[in-house]
Structures are given as C-alpha cells and as structure tokens.
Amino acid sequence: MDNFSTRNFSNYGKVLSPHVILIRPERRQYLTSNSLLFLGDQTYLLDSGYQYQGDQLKKIRDAIDIDGILFSHYHIDHVFGCHILPESKKMIHEEEVDALRSFDNFIQFCFKDQTISSQQWNIWKLRFKNLLKREGINDWSDLRLDNVITFGSNENIDLGATQLQILHLPGHSPGHCGVYETENQILFIGDIDLSGKFGPWYGWWNSELDTFKKSVEYVIDFVSRNEISRIVSSHTHDVSKEEGMHLLNNFLHPFDEREQQIKTYITQKRTGVTLKQITDQSIIYQGKQSDPPYVREYFEFVHVKKHIEALMKKNEVISEGDKIFST
Ligand SMILES: [Zn+2]
Ligand SMILES: [Zn+2]
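Everything numeric in this text was worked out from a predicted model, so none of it was measured. (Residues numbered from 1 in each chain as written. Chains lettered and ligands numbered in written order. Predicted model: local features only at pLDDT ≥ 70, side-chain atom pairs only at ≥ 80, totals over all residues. Heavy atoms only, no water.)

A. Geometry of the sheet that holds strand β1 (residues 14-17). Strand order in the open sheet made by the seven strands is β1-β2-β3-β4-β5-β6-β7, with mixed pairing throughout. Edge positions in the sheet fall to β1 and β7 (149-151), since each has one partner strand and no second. Going across the sheet, the axis of each strand differs from the next one's by a mean of 25°, ignoring polarity. Pairing geometry for strand β5 (residues 68-70) and strand β6 (residues 89-93), over three bridges, is parallel. Bridging from a neighbouring strand, Ile 69 pairs with Lys 90 of β6. (Pairing = 2+ DSSP bridges. Helix = DSSP H or I, 4+ residues; strand = E, 2+ residues; numbered from the N terminus. Axes fitted to C-alpha atoms, helices over the stretch in contact; angles between N-to-C directions.)

B. Up close: the pattern of salt bridges. One pass over the full model with this rule turns up 13 salt bridges. When the shortest N-O distance is used, the salt bridge between Lys 58 and Asp 55 registers 3.9 Å. Among the salt bridges present, the one from Glu 259 reaches Lys 314, with a minimum N-O distance of 2.6 Å. Separated by 55 residues along the polypeptide, Glu 259 in helix α6 (residues 241-268) and Lys 314 in the loop between α8 (293-313) and β13 (317-320) bring together distant segments of the chain. Residues joined by salt bridges that share partners form a network here, namely Lys 14, Arg 230 and Asp 238. (Salt bridge = Lys/Arg side-chain N within 4 Å of Asp/Glu carboxyl O.)

C. Structural detail: the coordination of the zinc ion (ligand 2). Bound to the zinc ion (ligand 2) are the protein donor atoms Asp 77 (OD), His 78 (NE2), Asp 191 (OD), Asp 191 (OD) and His 235 (NE2), situated 2.1 to 2.6 Å from the metal. Mapping the donors of the zinc ion (ligand 2) onto the primary sequence gives the spacing D-H-x112-D-x43-H. A separation of 3.6 Å is found between the zinc ion (ligand 2) and the zinc ion (ligand 1), which are bridged by Asp 191. Of the two residues, His 78 sits in helix α2 (residues 76-79) while His 235 sits in the loop between β12 (230-232) and α6, which places them 157 residues apart along the sequence. Residue His 78 is classed as buried on the basis of its relative accessible area, which comes to 0%. (Donors = N, O, S within 2.8 Å, 3.2 Å for Na, K, Ca; no water. Buried < 20%, exposed > 50% of the residue type's maximum accessible area, 1.4 Å probe, protein only.)

D. Representation of the coordination of the zinc ion (ligand 1) within the structure. Coordination of the zinc ion (ligand 1) by the protein is provided by His 73 (NE2), His 75 (ND1), His 172 (NE2) and Asp 191 (OD), with metal-donor distances spanning 2.0 to 2.2 Å. Given four donor atoms and angles of 90 to 173° at the metal, the environment of the zinc ion (ligand 1) is assigned as irregular. The sequence pattern formed by the donor residues of the zinc ion (ligand 1) is H-x1-H-x96-H-x18-D. (Tetrahedral: all angles 85-135°; square planar, octahedral: opposite > 155°, others 65-115°.)

E. Geometry of helix α1 (residues 56-63). Among all positions of α1, only Gln 56, Leu 57 and Ile 60 are buried. The buried side chains of α1 occupy one side of the element, clustering within an arc of 90° when seen end-on. Residues of α1 that are buried make contact with β2 (20-23), β3 (35-39) and β4 (43-46). (Arc of directions from axis to C-beta. Contact = heavy atoms within 4.5 Å.)

F. Region of the structure containing the domain arrangement of the protein. Taken domain by domain, the protein holds domain 1 (4-237) and domain 2 (251-326). The distance between the C-alpha centroids of domain 1 and domain 2 comes to 29 Å. Across the contact, 25 residues belong to domain 1 and 21 residues belong to domain 2. Three residues stand out in domain 1 for area buried against domain 2, namely Phe 198, Tyr 202 and Trp 205, and they jointly supply 30% of the buried area on that side. On inspection of domain 1 and its partner domain 2, the count reaches one salt bridge. Along the contact surface separating domain 1 from domain 2 lie 12 residue pairs in polar contact (both at pLDDT 80 or more). Every element with two or more residues in the side of domain 1 that touches domain 2 is listed here: α4 (118-134) and α5 (209-225). Taken together, the residues that form the side of domain 1 that touches domain 2 break down as 15 nonpolar, four polar and six charged. (Domains from an automatic or database assignment. Buried area = accessible area lost by both parts, 1.4 Å probe. Polar contact = N/O pair within 3.5 Å; in protein donor to acceptor, adjacent residues only side chain to side chain. Nonpolar A, V, L, I, M, F, W, Y, C, P; charged D, E, K, R; others polar.)

G. Layout of the sheet that holds strand β9 (residues 163-168). Spatially, five strands are ordered β8-β9-β10-β11-β12 in an open sheet, and the strand pairing comes out mixed. Sheet topology places β8 (156-158) and β12 at the edges, where each strand pairs with a single neighbour. On average, each strand axis in the sheet is inclined to that of its neighbour by 20°, with strand direction left out of account. In the sheet, strand β11 (residues 186-188) pairs with β12 via three bridges, with the strands oriented parallel. Considered in β12, the bridge of Ile 186 is made with Arg 230.

H. Spatial organisation of the nonpolar core. Counting residues in each nonpolar core, the largest one holds 64 residues, and the members touching the most others are Leu 37 and Trp 204. With seven residues, α8 is the single largest residue contributor to this core. Counting only domains with at least three residues in this core, you end up with domain 1 (4-237) and domain 2 (251-326). Apart from residues lying up to four places away in sequence, Trp 204 is in contact with Tyr 74, His 75, Cys 110, Phe 111, Trp 124, Phe 128, Tyr 298, Phe 299, Val 302 and Lys 306. (Core = buried A, V, L, I, M, F, W, Y, C linked by side-chain atoms within 4.5 Å.)

I. How the structure looks around the packing of α4 against α8. Their axes nearest at 12 Å, the elements α4 and α8 cross at an angle of 120°. As summarised for this structure, α4 and α8 are arranged oblique, according to the angle between their axes. Viewed along their axes, α4 and α8 form a crossing whose handedness is left-handed. In this structure, α4 uses Gln 120, Ile 123, Trp 124 and Arg 127 to contact α8, whose residues at the interface are Tyr 294, Val 295, Tyr 298 and Phe 299. (Parallel < 35°, antiparallel > 145°, perpendicular 65-115°, else oblique. Left-handed = near helix turned anticlockwise from the far one by under 90°.)

Printed below as a string of structure tokens:
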C-alpha cells in the first residue's frame, strides 16, 4: 500500500494504532456495525457493515486500495455494505461460506434443520429483499460475493507489518469469528456485544446457546492470558482491557438469568404452559418492540425454544402435547 503512514486516517475513523483504524457508523442505529481497517503490506477491511446510513466506506474506498474484506460472520449488518468494494477479495469462515452463495442459500442457512413453511419463507424473503433494496441492491449477484473464499478456525493472515490471528467464536452463528491483531494487541470480538443493550443474541436456528456461552468464556480467558490494548465489538465504542473484562463478565449473565426466569415461569404454572405463553412473557426482549412486530416476536420465540431444549436436556422440564411442565 502506498505511503499509508503519511495519510491522515483520523478523517475516516478512530486511529487505534499505526495499523488499525476503527470505522464507526455515522449514526449508530439498528443494523449498523463497526468496521476495522488493517494496514500493512496489504489493506484489509474487517466487516463492511450495512452502509445505507452513511458514506464512510465510500470515502475510504476512494482514498485507499482495499485488497480484501474479512467477514466476522454472515449476518446482514456485517456484510451487505460489501457491494461498494466489488473488486476486493472477500473471506469468511469455512462454516458460513455457503450462506453467501445465493439469496436462497442465505435464508435457508438461518433455518438450519428446521422445516420452514412457505408463508414464513415468503415473509423472510420479502424482509431481506427490502433490506437489500435499502442498500440499493436489486439482485444478490450485485453484492459481488461470487468470489468469496474461506479461512479456517485458527488461521493467521500475514499483512507484513502485522498479523491477524483468527479466533473462531461460534454460537451467535456457526462461523462467527473474532480477530486478534498481534502487533498492537487489538482484539475484535464481533457480536459478543459489549454495548450492554441486549446481551447474547441467538435468534436464528443455526445459533447455539451452549456453544455461544463457551465462546464468551473462551474470550474472557483469552483476554486474561494476552496483552490487549483495546477491545472492539461490533455495535459500540472500543474499550480498554479492564473495562472489556468487566463487560464480558456481564455479558455472560443473561444466559443463566434468562434460563432461570423461563424456569420460574414454567414452575409457577402447575397446569403447564405453551411455548407461545412463554414467548408472550418477553423475557428476552423485555417488552421492546420492532417494526414490523413479527421480527422480534419470531426471534423471542427462537431464543425461548433454545432455552426449553436446554432445560429438557437437563431433565428440568418435560413436554406433553403442546404443554411444557416443570419436572
Ligand atoms: Zn450477528
Ligand atoms: Zn451484528
């Protein structure tokens, strides 16, 4: 890359180190996410976000060549802005590459092992089409993901001046990854979200509750064992190692708290409860609504279902017909 040290990167984002720039959305709102720019012999962007809210990435693209984009995972708020860099090489963890092959693949991927009704199929299809349209995309092929290639769980990407160590942190999604930048010790943890606004999110069928919890525990251990200068998650500002440790420990609590609340509700209703009744308690979203409402209702349902499955595995609840009982 040409003479990057003389450029004023603070015009484009927050300079975290001589090799790492944090690019934040101009306005933080639903579906916006952070990107990181890594500068070395090659320039890599980590996540291209969902950019309808601003022109940040376009300004950066016009100022420097971006050789490659690494996606932390396949979710739209991390990927859909990639169309403004059609020539850059795209990379994602091997477990998620199929999701990016086509529009139909993308939707199917979210519903792993679940039979999906044609009504549900149409609802989600329309939602994603509309989200793509907001980004100015009419067809999946316009995202220019046809050349996407994979990286493995423990891969090292050598940028000369610095190295990027991939950390596979599954659970939120199957191939969700963090990145540790070795020269200046900057840790990116994606949707292990330190904003404190929601807690762990596992609302698609391919999310895994226990795996997610283990990944968070792994990150806590990783932070305690390594030199870290800043920790970056996708939906809030960067934090110090100490603050990050505190926030990561807080992030772990909802896994058990939600389970406990669901269990308490089931125990109180001696005649059994339906999944719908538990979902209506809004234990996960705590009364927050979405526009349209079906989006959060659906995600609430999937979160609850995953907890019920975990409780059934531990023999703490049983199901009879459409009712769930405490054991
Ligand atoms: Zn995500
Ligand atoms: Zn996200």
